[in-house]
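Chains, contacts and geometry: an overview
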Amino acid sequence: WHNRCILPPQRRTGGLRVKRINENSERGFTVVELMVGVAILGILGAVAVMGSRPLLDSFGLRAATRQIFTDFQQARLSAIKDGRAWAVCFAPGNTAVTAYTVRNAPGADNVLCTPDDLLAGPVRKTVALGVGEYSTLAFAESFAGTSLVFNPNGTASAGNLTITKSDGGALQVTINPNTGNLRIQ
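Description of the structure in this document. (Residues numbered from 1 in each chain as written. Predicted model: local features only at pLDDT ≥ 70, side-chain atom pairs only at ≥ 80, totals over all residues. Heavy atoms only, no water.)

Some remarks on the overall build of the chain
Test applied: In this text, helices come from DSSP runs of H or I with a minimum length of four residues, and strands from runs of E with a minimum of two, each type numbered from the N-terminal end. The rule is simple: take the accessible area with a 1.4 Å probe, protein chains only, and divide by the maximum for that residue type; under 20% is buried, over 50% is exposed, in between is partly exposed. Between two residues, a contact is recorded if the distance between any of their heavy atoms is within 4.5 Å. Accessible surface is estimated by sampling points in the Shrake-Rupley manner with a 1.4 Å probe; for residues, cover comes only from the protein chains shown.
Across its full length, the chain carries 2 helices and 10 strands. Counting from the amino terminus, the chain carries its helices and strands in the arrangement α-β-β-α-β-β-β-β-β-β-β-β. Counting over 185 residues, the chain shows a buried share of 31%. Long-range pairs, those at least 24 residues apart, make up 50% of the contacts in the chain between residues at least 6 apart in sequence. As presented, the chain carries roughly 11,800 Å² of accessible surface, and 60% of it is formed by carbon and sulfur atoms.

Some remarks on the sheet that holds strand β6 (residues 137-141)
The criterion, for reference: Pairing between two strands requires that DSSP report at least two bridges joining them. To obtain each axis, a line is fitted to C-alpha atoms, and for helices this fit is confined to the stretch in contact; angles are then taken between N-to-C directions over 0 to 180 degrees.
The 4 strands are arranged β6-β8-β9-β10 in an open sheet whose pairing can be described as antiparallel. Single-partner strands in this sheet number two, and they are β6 and β10 (182-184). Adjacent strand axes in the sheet meet at a mean angle of 15°, parallel and antiparallel pairs treated alike. Sheet analysis places β6 next to strand β8 (residues 159-165), joined by 5 bridges and oriented antiparallel. The residue bridging Leu137 from the neighbouring strand is Lys165, located in β8.

Quick look at the environment of Leu161
By the secondary structure assignment, Leu161 is in strand β8. Classification of Leu161 by relative accessible area gives buried; the value is 0%. Placed 19 residues apart in sequence, Leu161 and Ser142 show a C-alpha to C-alpha distance of 6.5 Å.

Some words on the layout of surface pockets
What counts here: Method remark: on a 1 Å grid restricted to protein atoms, a set of points is classed as a cavity if a 1.4 Å probe fits but cannot get out and as a pocket if it is open with protein on both sides within 12 Å along at least five of seven lines; lining residues have an atom within 4 Å of a point. Grid points are joined across faces, edges and corners, and a volume is the space filled by probe spheres set on the points. Side-chain classes follow a simple rule in which Ala, Val, Leu, Ile, Met, Phe, Trp, Tyr, Cys and Pro form the nonpolar group, Asp, Glu, Lys and Arg form the charged group, and the remainder, Gly included, forms the polar group.
Here the largest pocket defines a volume of roughly 210 Å³. Contributing to the lining of the largest pocket are 13 residues, with Cys89, Phe90, Ala91, Thr101 and Cys113 lying nearest its centre. Of all the elements in the fold, those that place two or more residues in the lining of the largest pocket are β3 (86-92) and β4 (97-103). Tallying contributions element by element places β4 first for the lining of the largest pocket, with 4 residues. Among the residues making up the lining of the largest pocket, the classes are represented as 8 nonpolar, 3 polar and 2 charged.

Honestly, that's just the spatial picture; any functional story needs more than this.
Printed below as a string of structure tokens:
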């Protein structure tokens, strides 16, 4: 009954032409068509990889800024909670920053972020900048005495830390000295 369902090509039904199915027809792609498709996908993939580098740099800038913001905020909250000053000490200073430590134990001179602090007690955190995940970023600070000090009442020393990408984009962590509040700009 199959042959009765399929009309021969010359017969018309309702203005539509119905063709007989050729059981010997080949379906699929040729090797050349597959190679062209793979080449197009390869070109699109290469363009996507080359275009993603600036995007990854932007993600790195934001991630580094958020991490620094979090470390500063933890130092501020610890100063309020402990009732004693906490400091973020920048090395080497002179605006260009390569590392920072978060601490609350001053040395014999009773001043945070001086060379004798190394003997005073534990460091809560040390972060090396400009290496690893931070290798494409530059860091510069503008705090008095190359340190950010959070007081027990929540206030802080004035200044900011600027993080700059290699292509010139930058973010800044700014501290309001009157309230100790932090802001990313």
